[in-house]
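# Overview (structure and organization)
Residues per chain are reported as follows:
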Amino acid sequence: MKILVCISNVPDTTSKINFTDGDTKFDTNGVQFVINPNDEFGLTRAMWFKEKQGATVHIATVGGPSVEPTMRKALAIGADEAFRINAEPTDGFYVAQQLAEVVKNGGYDLVIGGKESIDYNGGMVPGILASLSNMNFINSCINLEIDGDKVTAVREIDGGKEKLSSSLPLVVGGQKGLVEESDLRIPNMRGIMMARKKTLSVLEPVDGIKATEDKKFDKPAAKGQVKLADSVDQLIDLLHNEAKVI
């Protein structure tokens, strides 16, 4: 089985976020980047298939040279080979088109990506990729078992879970539950050394459509001062006369 894991390079959630050029561009100064958590769940599941079923695992990322440390971490975790598409991931449709080209040329049985990235939270790339690649698609996947070309999966739905059967080739939008946080792997020294010798190919982007454009970013409004009520009567008075919610 040949697996492609799509990796996003996203800011660590502890990073302080700022914008430049009149709030039109994200300021990367001082920001630490990591593997998108939903993608890392998928990568860890792919490693399980490698160890249990002898799968080959490749990773692909759309981005400039700055994403390569994140890709090397994925190689250190155990991926066999990496592809960097040399383009800025500014639009979900455009990113899916670039990844579809990798899928077409690679002959993959299974493609795993996070259901969404934690930076833009678009949640569109896996579904568009499946459509462009003419592959089956399961989103919000929290369990995945493969026997030959038969697939059994569980996905999260409103108020519960849904068990599905499908077949390869397949695109999966994964999330926490595909593996648990305790299953995530920290690269060891041997993995880091081996990652330096693994192939990281740089591919030039194909012509694609950028369907959206970011015009401006706004930070959430600053939190106002907090008033502490000394009694229930004072709390009711504040809610009624100041907050005007009762």
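If you're wondering where the values come from, they're calculated on a predicted model, not measured in any experiment. All residue numbers refer to positions counted from 1 along the written sequence of the respective chain. Since the coordinates come from a predicted model, pLDDT governs what is reported: local features require at least 70, and pairs of side-chain atoms require 80 or more to be given and counted, while whole-chain, interface and lining totals use all residues. Side-chain measures were taken over the full set of non-hydrogen atoms in the model, leaving aside hydrogen atoms and water.

## Looking at the packing of helix H3 (residues 92-106) against helix H4 (residues 125-133)
Heads up, the rule is: Angular values range over 0 to 180 degrees, each being the angle between N-to-C directions of two axes fitted as lines to C-alpha atoms, with helices fitted over their stretch in contact. Every helix listed is a DSSP run of H or I at least four residues long, and every strand listed is a run of E at least two residues long, numbered separately from the N terminus. Roughly parallel means an angle under 35 degrees; roughly antiparallel means over 145; roughly perpendicular covers 65 to 115; every other angle is labelled oblique. Throughout, a crossing is termed right-handed when the near helix is turned clockwise from the far one, and left-handed when it is turned anticlockwise from it by less than a right angle. Contacts: residue pairs with any heavy atoms within 4.5 Å of one another.
Between H3 and H4, the least distance of the axes is 8 Å, while the angle of their chain directions is 45°. With respect to H4, the element H3 is oriented oblique. H3 and H4 meet at a crossing whose hand is right-handed. Every residue of H4 that contacts H3 at Gly 92, Phe 93, Val 95, Ala 96, Gln 97, Leu 99, Ala 100 and Val 103 is listed here: Val 125, Ile 128, Leu 129, Leu 132 and Ser 133.

## A short note on the pattern of salt bridges
Two side chains of opposite charge can pair, provided their charged atoms sit close to one another. To be explicit about the condition: One side-chain nitrogen of Lys or Arg within 4 Å of one carboxyl oxygen of Asp or Glu is enough to make a salt bridge. Burial classes: relative accessible area under 20% of the type maximum marks a residue as buried, over 50% as exposed, and values in between as partly exposed (1.4 Å probe, protein chains only).
One pass over the full model with this rule turns up 10 salt bridges. Between Glu 101 and Lys 104 there is a salt bridge whose closest N-O contact spans 3.4 Å. Of the two residues, Glu 101 and Lys 104 are both situated in helix H3; the distance of three residues between them amounts to about one turn of the helix. Arg 155 serves as the salt-bridge partner of Glu 162, at 2.7 Å between the closest nitrogen and oxygen. The partly exposed category is assigned to Glu 162, whose relative accessible area is 28%. A relative accessible area of 28% places Arg 155 in the partly exposed class.

## Concerning the sheet that holds strand E11 (residues 160-167)
For the record, the criterion: DSSP-based pairing: two strands are paired if at least 2 bridges between them are found.
Ordered in space as E11-E10-E9-E12-E8-E1-E6-E7-E13, the nine strands form an open sheet in which the pairing is mixed. Single-partner strands in this sheet number two, and they are E11 and strand E13 (200-203). On average, each strand axis in the sheet is inclined to that of its neighbour by 30°, with strand direction left out of account. In the sheet, strand E7 (residues 81-85) pairs with E13 via four bridges, with the strands oriented parallel.

Just geometry here; none of it tells us what the structure is for.
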